[in-house]
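Each chain, letter by letter, is given below.
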Amino acid sequence: MSGAQDDRLNVHGLTLAFGTRVILRELSFSVRRGSIFAIMGGSGCGKSTVLRAIIGLLRPAAGTILVDGEDYWAATEAHRTEISRRFGVLFQNGALWTSMTVAENVVLPLQMFTQLDSASIDALARLKLSLVGLGAAGERMPSELSGGMRKRAGLARALALDPDILLFDEPSAGLDPITSKRLDDLILELRDGLGATIVVVSHELPSLFAICDDGVFLDAETRTAIAHGSPGALREGCDHPTVRAFMTRARPEQLTAMEDPHGRR
Amino acid sequence: MVLHLTGDWIAQETGLRDAATVQRVIAEAGGAARLRFETGELGRWDSALVAFLHALRRAGAATAEPAMELDDTGLPEAARRLLALAAEAGPSAATPAAPNGDPLLTRVGRRSIANWAGAVAAVALIGETVLRSLAALLGRRVWTRGVDVLQSMREAGAGALGIVAIVNALVGGILAFVGAVQLRRFGAEIFVADLVGIAMVREMAVMMTAIVLAGRTGGAYAAQLATMQGNEEIDALKALGIPVFDYLVLPRIIALVAMLPLLYLYACVVGLLGGLVVSASVLDLTTTAYIEETRRAIAGTQFALGLAKSVAFGALVALAGCHIGLRAGRSAADVGRAATSAVVAGIIGVIALDAVFAVCANALGI
């Protein structure tokens, strides 16, 4: 493998299950350094579950996840914690700690994992909040924020420790088009500015096309990956009916009905 | 065969008509391979009509042999569309997730395994508490923030002063009153002071305080942690690598273990005062005599026993609240259930543990 040196994340033969219910089987993909990688698929195909396995919340039933060449789940718990510190995670609804102010949310990881004095911590937290455009909202409680602000605050927290792998769970879900576009631009700028590698779990087509340069498509029926490649490339060149239907926002049965009479198009 | 649909079919007014009866009538008449509809006299209609047709189709498919076909050309256009839409979602609705489908033995087994797992988790939590507390005492790195401990202490300790005072003053007063009525018959009024003193210091103050805290703080812990679980806040901690036990559980346990002994001493004072006030007003005892008698009645060992209990009860209430909160599900109902069971577990646990203490104290002759 020539590109193995350049892979930040390497997922191989991953099988995920809740008890006896298998969510995904035999999933393999790798994420290149500096790319924005999309984990795509319809609702209920296990996209977020893959993310949970990568960030250490769900132990896989089988398979390996290599982070910079290290086997994540074979590591001891302490070492796993150390590896996770390279991750910054944005949860679906922000998952801000609701008993603290926005600023305290960003401050906590810094307090926990650095030896900095409180003045520097405050300065860093203020910087991260300004990066996501929330410089003025630091003293507010998460419950006082709108959905989009909450996501951006979650992003500021994810950035707190300068991680070099950012993982986003449905970043633009539930946001209006303008806010969603701003978030997309922000993600692109962060990639270029911080040099981070970004993994996005999403099913929002516009944002997938706009930001992602690589990806994997998961299928709820076969419970595994059915296509690899960037969303744009999949839209243009993938023959799989489910992928085509997804990318062109059609219903699979309509697509086949449209194509069948004319033969292959 | 033709089915005439007449009159109004409005769910609110006419109710839903029974498709099974119609199906039976059709079957008695020799069955039909094809059912057409005549709707010339059909009045207003809403979902009641569509639901009837949907049920009729399902019944026709299930009972008739071969399946009866519905010819929907006679139906109003809108009803036809709704019916077709309902048919599309049909198969998934036809496979219900059998709620009580498992045999009794399977269900008993599943429950037992779940209970066993819960018990193991509880023991693991106790073990972790001991290990992490030792680590903290030995000066190892513990991810607990002093601010959180102080915050929990303020909520559990200072915040409970009012209610602990009310409850214990009343309990002290009640004890004095009961004692006064009984002891007056023997002319032993002065022993009311002994009764109130020993009962409060040894049993009632610590038990009442622990029960108040089980309801006030234990329930709150369970609800807080369960809500955090539902908000993915605990996932966010884990993803960052902040140990949930150190960060969330340990401060709460420390706070209760530290605050309950203090509240106990405060409760003793208030309870004894309550007894004094009632005694002084019901019996003709002087305050000085009462205090003097109390002082003679309660020895240091009584306080030691009460303090030992208060530490144990504090740990128990905090552990029960945190354990139940961390294992709760992610819905709003789960949060409520977690709070309820934490309070119940706390109260029962406190009383049961108190019984154990009573037996031990008796055996040791304290």
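Note that this is a predicted model, so its numbers are computed, not measured. (Residues numbered from 1 in each chain as written. Chains lettered and ligands numbered in written order. Predicted model: local features only at pLDDT ≥ 70, side-chain atom pairs only at ≥ 80, totals over all residues. Heavy atoms only, no water.)

Considering the overall build of chain B
- Counting its secondary structure elements, chain B contains 14 helices and 5 strands.
- A compact globule built from 366 residues would reach a C-alpha radius of gyration of about 21 Å, whereas chain B, at 34 Å, exceeds it by more than 25%.
- With respect to the three principal axes, the spread of C-alpha positions in chain B is 100 × 60 × 40 Å.
- Taken across its 366 residues, chain B has 41% of its residues classed as buried.
- Counting only carbon and sulfur atoms, one obtains 66% of the accessible surface of chain B, whose full area is about 18800 Å². (Helix = DSSP H or I, 4+ residues; strand = E, 2+ residues; numbered from the N terminus. Rg over C-alpha atoms; globule rule 2.2 N^0.38 Å. Buried < 20%, exposed > 50% of the residue type's maximum accessible area, 1.4 Å probe, protein only. Areas by Shrake-Rupley, 256 points an atom, 1.4 Å probe, with all protein chains shown as cover.)

Describing the sheet that holds strand S5 (residues 70-71) of chain A
All names here are of chain A.
- Pairing is antiparallel in the open sheet, where 4 strands are placed in the order S2-S1-S4-S5. Every other strand in the sheet has two partners, leaving strand S2 (21-32) and S5 as the edge strands with one partner each.
- Relative to strand S4 (residues 62-67), strand S1 (residues 7-18) runs antiparallel, the two being bridged by 5 bridges. The partner of histidine 12 across the bridge, within S4, is threonine 64. (Pairing = 2+ DSSP bridges.)

Brief notes about helix H2 (residues 19-28) of chain B
All names here are of chain B.
- Restricting attention to buried positions, one finds in H2 the residues Ala19, Val22, Gln23 and Ile26. End-on view of H2: buried residues confined to an arc of 100°, all on one side of the axis.
- The distance from a side-chain oxygen at the start of H2 to the backbone nitrogen of alanine 20 is 3.2 Å, and the residue carrying that oxygen is aspartate 18.
- Backbone geometry just after H2 places glycine 30 at a positive phi near 100°. (Arc of directions from axis to C-beta. Polar contact = N/O pair within 3.5 Å; in protein donor to acceptor, adjacent residues only side chain to side chain.)

Concerning the nonpolar core
- In this structure, Phe29 and Ile65 of chain A are the most contacted members of the largest nonpolar core, which totals 103 residues.
- It is helix H11 (residues 244-282) of chain B that provides the largest number of residues to this core, a total of 18 residues.
- Ignoring anything within four residues of it in the chain, the contact list for isoleucine 65 of chain A reads Leu9, Asn10, Val11, Leu14, Ala53, Ile54, Pro60, Glu70, Asp71, Tyr72 and Trp73 of chain A.
- Of all hydrophobic cores here, the second largest spans 45 residues; its members include Ile36, Leu183, Ile187 and Ile211 of chain A. (Core = buried A, V, L, I, M, F, W, Y, C linked by side-chain atoms within 4.5 Å. Contact = heavy atoms within 4.5 Å.)

Describing the packing of helix H8 (residues 161-184) of chain B against H11 of chain B
Residues and elements named next belong to chain B.
- The geometry of H8 relative to H11 is characterised by a closest axis approach of 7 Å and an angle of 40° between their N-to-C directions. Taken together, H8 and H11 sit at an angle that is classed as oblique. Of the two possible hands of crossing, H8 and H11 adopt the one that is right-handed. For the pair formed by H8 and H11, the contact residues are Leu161, Val164, Ala165, Asn168, Ala169, Gly172, Gly173, Ala176, Phe177, Ala180 and Arg184 on the first element and Leu263, Tyr266, Ala267, Val270, Gly271, Gly274, Gly275, Val278, Ser279 and Val282 on the second.
- Of the residues belonging to the contact of H8 with H11, the class tally is 13 nonpolar, 7 polar and 1 charged. (Axes fitted to C-alpha atoms, helices over the stretch in contact; angles between N-to-C directions. Parallel < 35°, antiparallel > 145°, perpendicular 65-115°, else oblique. Left-handed = near helix turned anticlockwise from the far one by under 90°. Nonpolar A, V, L, I, M, F, W, Y, C, P; charged D, E, K, R; others polar.)

A look at the interface of chain B and chain A
- Each partner contributes residues to the interface: chain B has 18 residues there, and chain A has 23 residues.
- Around 1700 Å² of area is buried between chain B and chain A when both sides are counted, 61% of it from carbon and sulfur atoms.
- Looking at the side of chain B facing chain A, the largest losses of area belong to Glu232, Ala239 and Leu240 of chain B, adding up to 32% of the total buried there.
- Joining chain B to chain A, the criterion identifies 1 salt bridge.
- A salt bridge links aspartate 235 of chain B to arginine 52 of chain A; its shortest N-O distance comes to 2.9 Å.
- The tally of links between chain B and chain A comes to 4 residue pairs in polar contact (both at pLDDT 80 or more).
- Here the element with the most residues in the side of chain B that touches chain A is helix H10 (residues 233-240) of chain B; it accounts for 7 residues.
- A breakdown of the residues in the side of chain B that touches chain A according to their chemical character gives 8 nonpolar, 2 polar and 8 charged. (Buried area = accessible area lost by both parts, 1.4 Å probe. Salt bridge = Lys/Arg side-chain N within 4 Å of Asp/Glu carboxyl O.)

Side note on the sheet that holds strand S7 (residues 165-169) of chain A
All names here are of chain A.
- Taken in spatial order, the 6 strands line up as S6-S7-S8-S3-S9-S10 in an open sheet, and their pairing is mixed. Taken across any chain shown, the strands that pair with only one partner, and hence form the sheet edges, are strand S6 (87-90) and strand S10 (224-228). Looking at each pair of strands side by side, their axes are set apart by 20° on average, direction ignored.
- When S7 meets strand S8 (residues 197-201), the two strands line up parallel, connected through 5 bridges. Within S8, the residue paired with aspartate 169 across the bridge is valine 201.
- Contacts between helix H5 (residues 147-159) and the sheet are confined to S6 and S7, with S6 contributing the most and set at about 170° to the helix.

With respect to the confidence of the model for chain B
- Per-chain confidence: chain B averages 88 in pLDDT, with 95% of residues scoring 70 or above.
- For this predicted complex, the interface confidence score (ipTM) comes to 0.84, while the overall pTM stands at 0.80. (pLDDT = per-residue confidence, 0-100.)

Observations regarding the pattern of salt bridges
- Applying the stated criterion across every chain yields a total of 25 salt bridges over all chains.
- Between aspartate 148 of chain B and arginine 145 of chain B there is a salt bridge, with its nearest N and O atoms 3.2 Å apart. Assigned by exposure class, aspartate 148 of chain B and arginine 145 of chain B land together as buried.
- A salt bridge links aspartate 235 of chain B to arginine 330 of chain B; the nearest nitrogen and oxygen atoms lie 3.3 Å apart. Of the two residues, aspartate 235 of chain B sits in helix H10 while arginine 330 of chain B sits in the loop between helix H13 (300-326) and helix H14 (332-364), which places them 95 residues apart along the sequence.
- Taken together, the shared-partner salt bridges in this structure form one network comprising Arg8, Asp68, Glu70, Arg86 and Asp164 of chain A.

Thoughts on H10 of chain B
All names here are of chain B.
- In terms of burial, H10 is a largely internal element, 7 of the 8 residues being buried.
- Among all positions in H10, only Glu233, Ile234, Asp235, Ala236, Leu237, Ala239 and Leu240 are buried.
- Immediately downstream of H10, the backbone of glycine 241 shows phi near 90°, a positive value.

Some points on a nonpolar patch on the surface
- Nonpolar side chains collect at one region of the surface, where Ile126, Val130, Leu134 and Leu137 of chain B lie side by side and expose about 410 Å² of accessible area between them.
- Residue classification places leucine 134 of chain B among the partly exposed positions, given a relative accessible area of 45%. (Patch = residues over 30% accessible without salt bridge, like charges linked within 9 Å, V, L, I, M, F, W, Y side chains within 5 Å.)

A few points about the confidence of the model for chain A
Residues and elements named next belong to chain A.
- The pLDDT averaged across chain A works out to 86; a share of 94% of its residues lies at or above 70.
- Here helix H10 (residues 252-259) stands out as the element of chain A with the lowest mean pLDDT, 62, in contrast to S8, whose mean of 93 is the highest.
- This model gives residues 260-265 a pLDDT under 50, and the stretch forms 1 contact once residues within four places in sequence are excluded.

Here we look at the packing of aromatic side chains
All names here are of chain A.
- Taken as a whole and assessed by the stated rule, the structure comprises 7 aromatic pairs over all chains.
- With a centroid separation of 5.0 Å and an interplanar angle of 20°, the aromatic rings of phenylalanine 29 and phenylalanine 37 are classed as stacked. The residues phenylalanine 29 and phenylalanine 37 share a single accessibility class, namely buried.
- A ring pair is formed by phenylalanine 217 and phenylalanine 246, whose centres lie 5.0 Å apart and whose planes are at 85°; its orientation type is edge-to-face. Within this pair, whereas phenylalanine 217 is found in strand S9 (residues 214-219), its partner phenylalanine 246 is found in helix H9 (residues 241-247), the two being separated by 29 residues in sequence. (Phe/Tyr/Trp six-rings, centres within 6.5 Å; stacked < 30°, edge-to-face > 60°.)

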